[in-house]
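# Close look at the chain arrangement
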Amino acid sequence: MHRREDDLVAKISAKSEAFRVAIQEPAAADVALHLGQAVLVDVVRIARWHTNPGIKLSAGDLVYLATILFGDGHMDAVELGDAKPIDDLVAGYRLAQEVTDNQVALKVLAERLGRKVLDPLTKLAGEHQDWYLSPDGPLRLIPFGALLLPDGTYAAQRYRFWSLSSGRDLLTPATKLPAGSLDLVLANPDYGSARDGGFAALPETEEEARAIRKAFPNARLLEAGKRSKQNLLALDQPPRILHLATHGYFQKEGVGDALLRAGIALDGANLGPDGLLTAKEAQNLRLNGTSLVVLSACDTGIGDVSFSEGLSGLQRSLALVGARTQLLTLWPVNSARTKDFMEQFYGRLAAGKTKGNAWIETQREMIRQGFAPHVWAPFVLYGDPGAL
């Protein structure tokens with residue numbers, strides 16, 4: 001089996017520069033050339049070193065270690081501490097997010113996480129405010145911009161965090177295709193009857209779609225009856241923007257491939273698997289040349305927290321098939337507030353802002369307007385923060 005897999009990898013590598021880049025471990029010096037004024041912050045969850053190789057590890061033997069790579073090629077490192085206390089804080093933070101009026105508890109947890117995780121990193125990063133961020137384990141499940149700095153402000157008000165799977169994401173192949181020309185919006189699929197606790201209809205996402213077309217008048221809004229998995233998989237050309245305003249899901253329970261337990265709901269989702277686009281099936285989408293994929297849905301970014309492999313879910317699938325940037329959500333989002341966020345985000349894109357600047361400026365404006373992190377923080381930008 002392993003020999004067949006090695007042979008297949010060798011054959012694909014011989015034909016595809018993108019695949020070779022995706023599987024090889026890049027040298028730090030090569031990654032540094034792509035940083036400019038930014039830094040790469042890589043946080044890993046690893047076993048503490050023991051002199052006795054036969055010792056049995058426990059949860060208390062795992063630690064978080066962070067490295068920071070600078071544009072001039074030099075690197076610093078810091079241990080953030082035992083993994084269990086940090087993981088417990090992350091679990092508490094995500095649990096608190098499920099109650100929208102739980103802001104006092106959230107601020108306490110955001111301050112504690114900021115002190116434990118963010119403060120050591122900011123000390124090493126110095127004046128650098130643009131970070132390419134690649135966290136591991138449960139730390140992938142929190143928006144770093146919502147953590148509190150020592151002065152009581154949100155990290156998003158000072159720093160810009162561009163999330164990556166790893167530093168290799170910065171090494172784009174020379175054969176990268178130009179962005180497509182079509183902007184495609186899918187909103188409010190017909191899931192079918194939800195009598196047995198299935199996906200509930202989202203008619204308010206129609207307003208979200210119309211707000212996007214107001215910013216991009218040539219955007220195509222898929223009409224009712226055509227918001228299906230089959231239509232997405234049948235796209236003959238990669239769109240420039242693909243916006244999916246629908247339910248996302250991740251089944252935490254179960255065995256086997258996590259890519260089969262994560263996905264988005266489309267026409268007929270309550271009637272059977274033909275209405276569900278799994279993360280595995282998303283790897284068949286034609287997105288090589290797509291500049292931006294937005295999933296304004298619930299839980300689309302959480303993937304499978306496998307501590308050695310990092311995020312395995314929709315984000316990675318979309319990146320593998322060519323989407324340069326993905327905007328996903330880390331927890332369920334109120335549809336009305338999602339519309340507010342997307343209206344501002346797309347308005348800034350239409351005005352010529354880069355994807356990264358449109359995203360962070362929208363977050364900062366919502367902070368200025370007094371919105372809690374529950375509203376603006378779940379939208380996380382992965383990949384290339386540059387222009388459309």
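Numbering of residues starts from 1 in each chain and follows the order in which that chain's sequence is written. Under the rules for a predicted model, residues below a pLDDT of 70 receive no local features and side-chain atom pairs below 80 are neither given nor counted, while totals for whole chains, interfaces and linings still include all residues. Note: side-chain values were computed over all heavy atoms of the structure, leaving out hydrogens and water.

## Quick notes on the overall build of the protein chain
Along the backbone of the protein chain there are twelve helices and 16 strands. Relative to its full complement of 388 residues, the protein chain shows a buried share of 52%. Secondary structure elements are defined from DSSP: runs of H or I of at least 4 residues count as helices, runs of E of at least 2 residues count as strands, and each element is numbered from the N terminus. For each residue, the accessible area found with a 1.4 Å probe, counting protein chains only, is set against the maximum for its type, and the residue is called buried under 20%, exposed over 50%, and partly exposed in between.

## So, empty space enclosed by the protein
Definitions used throughout: a 1 Å grid over protein atoms alone; a cavity as a set of points that fits a 1.4 Å probe which cannot get out; a pocket as an open set with protein on both sides within 12 Å along at least five of seven lines; a lining residue as one with an atom within 4 Å of a point. Grid points are joined across faces, edges and corners, and a volume is the space filled by probe spheres set on the points. The final tally for this structure, using the stated rule, is three cavities of 30 Å³ or more. Looking at the largest cavity, its volume works out to about 190 Å³. The wall of the largest cavity is formed by 22 residues, among which I142, P143, F144, S163 and V380 lie closest to the centre. Looking at the lining of the largest cavity element by element, the count peaks at three residues for strand β16 (residues 379–383). Residues that form the lining of the largest cavity fall into these classes: 17 nonpolar, four polar and one charged. Estimated volume of the second largest cavity: approximately 40 Å³. Around the second largest cavity, the lining residues are Y93, Q103, L106, K107, A110, A146, Y154 and P373. The element contributing the most residues to the lining of the second largest cavity is helix α5 (residues 103–125), with four residues. Charged residues are taken to be Asp, Glu, Lys and Arg, nonpolar residues to be Ala, Val, Leu, Ile, Met, Phe, Trp, Tyr, Cys and Pro, and polar residues to be all remaining types, Gly included.

## Here we look at helix α10 (residues 335–350)
Given a rise of 1.5 Å per residue, 16 residues ought to cover 22 Å, and the 22 Å separating the end C-alpha atoms of α10 matches this to within 8%. For α10, the set of buried residues is S335, T338, K339, F341, M342, Q344, F345, Y346, R348 and L349. Given the number of residues in a helix, its expected span is that number minus one, multiplied by 1.5 Å.

## Quick word on the environment of V375
Along the chain, V375 turns up in helix α12 (residues 373–376). As for V375 and V333, which are separated by 42 residues in sequence, their C-alpha atoms are 7.0 Å apart. A contact between two residues is defined here by any heavy atoms of the two lying within 4.5 Å. When neighbours within four sequence positions are excluded, V375 is seen to be in contact with R337 and M366.

## A word on the packing of helix α6 (residues 205–215) against α10
Between two packed helices, the angle of one axis relative to the other and the distance separating the axes together describe the packing. Axis geometry follows a simple rule: fit a line to the C-alpha atoms, using only the stretch in contact for helices, then measure angles between N-to-C directions, giving values from 0 to 180 degrees. At a minimum axis distance of 9 Å, the contact between α6 and α10 shows a crossing angle of 15°. With respect to α10, the axis of α6 lies roughly parallel. At the point where α6 passes α10, the crossing takes the right-handed sense. Touching E207, E208, A211, I212 and A215 of α6 are T338, K339, M342, E343, Y346, G347 and A350, all from α10. Partitioned by chemical class, the residues of the contact of α6 with α10 number six nonpolar, two polar and four charged. Each angle gets one of four labels, with under 35 degrees taken as roughly parallel, over 145 as roughly antiparallel, 65 to 115 as roughly perpendicular, and the rest as oblique. Here a crossing is taken to be left-handed if its near helix is turned anticlockwise relative to the far helix by less than a right angle, and right-handed if that turn runs clockwise.

## Examining the sheet that holds strand β9 (residues 248–250)
We call two strands paired when DSSP finds no fewer than two bridges between them. The antiparallel open sheet is built from three strands, whose spatial order is β9-β10-β11. Pairing within the sheet leaves two strands with one partner each, and these edge strands are β9 and β11 (276–278). Between one strand axis and the next, the sheet turns through 30° on average, direction left out of account. Where strand β10 (residues 262–265) meets β11, three bridges bridge the pair, whose relative direction is antiparallel. The partner of G263 across the bridge, within β11, is T278.

## Quick word on the nonpolar core
Buried Ala, Val, Leu, Ile, Met, Phe, Trp, Tyr and Cys residues that are joined via side-chain atoms within 4.5 Å together make up what is termed a nonpolar core. Of all hydrophobic cores here, the largest spans 106 residues; its most connected members are L121, F345 and Y346. No other element matches the eight residues that α5 contributes to this core. Y346 has contacts with I212, A215, F216, I241, H243, L292 and V294, leaving out every residue within four places of it along the chain. The next biggest cluster of nonpolar side chains, apart from the first, holds seven residues, and it includes L202, Y249, A265 and L276.

## Regarding the side chain of Q97
Tracing the backbone through its elements, the reader meets Q97 in helix α4 (residues 83–97). Judged by relative accessible area, Q97 falls into the buried class, the value being 3%. Polar side-chain contacts of Q97 include one of 2.9 Å to the side chain of H374. Among residues more than four places away in sequence, those in contact with Q97 are L106, W331 and H374. Any pair of N or O atoms that falls within 3.5 Å is considered a polar contact. Within protein, one atom must be able to donate a hydrogen and the other to accept it, and sequence-neighbouring residues count only if both atoms are side-chain atoms.

## Some details on the packing of α10 against helix α11 (residues 355–368)
The N-to-C vectors of α10 and α11 enclose an angle of 135°; their axes lie 8 Å apart at closest approach. In terms of orientation, α10 and α11 fall into the oblique class. Crossing hand, α10 versus α11: right-handed. Facing α10, whose interface residues are R337, D340, F341, Q344, F345, R348 and L349, α11 presents K355, A358, W359, E361, T362, Q363, E365 and M366. By residue class, the composition of the contact of α10 with α11 is six nonpolar, three polar and six charged.

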